[in-house]
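Here's the letter readout for the chains.
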Amino acid sequence: MVDDLKESRYGEHASNMSGVIADRFRDLYGARAVITDPVVVDEMIAEVRPTGLRGVERRSVFHALNQKAVARKYAESTGTNYDEINVIVCHMGGGITVGAHRKGKVIDVNDGLSGEGPMSPTRTGSLPNDRLAKYIIENDLDYDSIYNVLTKEGGFISLAGTQDALELEKRALAGDEVTEAIYKALAAQIAKEIGSRAAILEGKVDQIIFTGGLAYSKYLLDFVTPYISFIAPITIYPGEEEMQALAEGAYRVLSGKEEMKTYV
Ligand SMILES: Nc1ncnc2c1ncn2[C@@H]1O[C@H](COP(=O)(O)OP(=O)(O)OP(=O)(O)O)[C@@H](O)[C@H]1O
Ligand SMILES: CCCC(=O)O
């Protein structure tokens, strides 16, 4: 696992550091190292994996740690268990991923690092295939360059020159129509992603949960809500409690509530 993380085998992400740091602590203190709900958690059902191109399959890469933590928190707040409810969790951070959680398993989710789903502060989100191919050829881009465009220089950065949503909200509220249009487009894309997860859950959705830094933004959520309020009630857990979620994951294993899994 540590080698895969160091080589960014499944994509570059800050969370790749966590397993490496845990391994270092194990060395330093002779402790047992446990990581929990990494971005490559894969519980997708078979029918959402294929694409229409032989040799290209969808992958499950998403904000698993925070998505599962807030789904568990919601379940606890309603006196139920995570494995008894169906929720759609929309994590809106630097990347945006929307997971369909069916009774404790994330059966479908957009792979934020592959460019699936809505745009975000730093990601382009899904693009028309032929236009992307043309863009790559016209700009003579190699794989690393296009990966950067899709995952680090897209979304707010490409359209507005900054990933700072607070700055963009200020611009929009001061009457900047271009920024307002970006927020409206983002809201429509997020809503469509949520609608897609509702379909795979066959409409059986107990709650839609928003989380991540952008979930602090009432400005954004006011644009999203009208599209999706027909699906299920909404809960907002802004920010992320990833350190707490890591500790809770280790505790579930140490206290025997969950079984340790082996990375393969
Ligand atoms: N109070 C706030 N109101 C509005 N937007 C906010 C607020 N706080 C943070 N954001 C915005 O949220 C976005 C980043 O969120 P966050 O800090 O959750 O991302 P990250 O941790 O870097 O990425 P990820 O969650 O994808 O791992 C930025 O665009 C930031 O400006
Ligand atoms: C956590 C991987 C998904 C993303 O950052 O877009």
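Residues numbered from 1 in each chain as written. Chains lettered and ligands numbered in written order. Predicted model: local features only at pLDDT ≥ 70, side-chain atom pairs only at ≥ 80, totals over all residues. Heavy atoms only, no water.

**A closer look at the overall build of the chain**
- On a plain count of helices and strands, the chain comes out with 10 helices and 5 strands.
- Against the globule reference of 18 Å for 264 residues, the chain gives a C-alpha radius of gyration of 19 Å, in line with a compact fold.
- With respect to the principal axes defined by its C-alpha atoms, the chain has extents near 55 × 45 × 40 Å.
- Buried residues in the chain amount to 44% of all 264 residues.
- Put simply, of all contacts in the chain between residues at least 6 apart along the chain, 64% involve residues at least 24 apart.
- Working note: accessible area of the chain is about 14,500 Å², and carbon and sulfur atoms make up 53% of it.
- Between the centroid of the 29 positive side chains of the chain and the centroid of its 39 negative side chains there is a distance of 3 Å. (Helix = DSSP H or I, 4+ residues; strand = E, 2+ residues; numbered from the N terminus. Rg over C-alpha atoms; globule rule 2.2 N^0.38 Å. Buried < 20%, exposed > 50% of the residue type's maximum accessible area, 1.4 Å probe, protein only. Contact = heavy atoms within 4.5 Å. Areas by Shrake-Rupley, 256 points an atom, 1.4 Å probe, with all protein chains shown as cover. Lys, Arg positive; Asp, Glu negative; His and termini not counted. Charge placed at Lys NZ, Arg CZ, Asp CG, Glu CD.)

**Overview of the site of ligand 2**
- Around ligand 2, the structure places His-13, Val-39, Val-61, Phe-62, His-63, Gly-95, Thr-97, Gly-112, Leu-113 and Arg-123.
- Between ligand 2 and His-13 there is a distance of 3.3 Å, counted from an oxygen atom to a side-chain nitrogen or oxygen.
- Contact distances for ligand 2 include 3.5 Å between an oxygen atom and a side-chain N or O atom of His-63.
- Contact with the protein chains covers 100% of the free accessible surface of ligand 2, which is 230 Å². (Near = heavy atom within 4 Å. Polar contact = N/O pair within 3.5 Å; in protein donor to acceptor, adjacent residues only side chain to side chain.)

**Considerations on the sheet that holds strand β5 (residues 234-238)**
- Across the sheet, 5 strands lie side by side as β3-β2-β1-β4-β5; this open sheet has mixed pairing. Each edge of the open sheet is held by one strand with a lone partner, namely β3 (105-109) and β5. Averaged over all adjacent pairs, the angle separating strand axes in this sheet is 25 degrees, with direction ignored.
- Where strand β1 (residues 86-92) lies against strand β4 (residues 207-212), 5 bridges are found, and the strand directions are parallel. Its bridge partner lying in β4, Val-87 is registered against Gln-207.
- Strand contacts of helix α9 (residues 218-228): β1, β4 and β5, with the helix running at about 160 degrees to β4, the strand carrying the most contacts. (Pairing = 2+ DSSP bridges. Axes fitted to C-alpha atoms, helices over the stretch in contact; angles between N-to-C directions.)

**Re the site of ligand 1**
- Looking at ligand 1, there are 18 residues lining it, with His-63, His-91, Gln-163, Ala-165 and Glu-240 nearest.
- At a separation of 2.8 Å, an oxygen atom of ligand 1 approaches a polar side-chain atom of His-63.
- One nitrogen or oxygen atom from the main chain of Ala-165 is found 2.9 Å from an oxygen atom belonging to ligand 1.

**As for helix α10 (residues 242-254)**
- Taking 1.5 Å per residue as the helical rise, α10 with its 13 residues ought to reach 18 Å, and the 18 Å between its terminal C-alpha atoms agrees with that figure.
- Residues of α10 that are buried include every one of Ala-245, Gly-249, Ala-250, Arg-252 and Val-253, and no others. Each buried residue of α10 lies within a common arc of 155 degrees when the element is viewed along its axis, so the set occupies one face. Opposite the buried face of α10, by more than 90 degrees, sit the exposed residues Met-243, Tyr-251 and Leu-254.
- At its buried positions, α10 is contacted by α3 (64-77).
- Taken from the residues just after α10, Gly-256 is the one with a positive phi, measuring 80 degrees. (Expected span 1.5 Å × (residues − 1). Arc of directions from axis to C-beta.)

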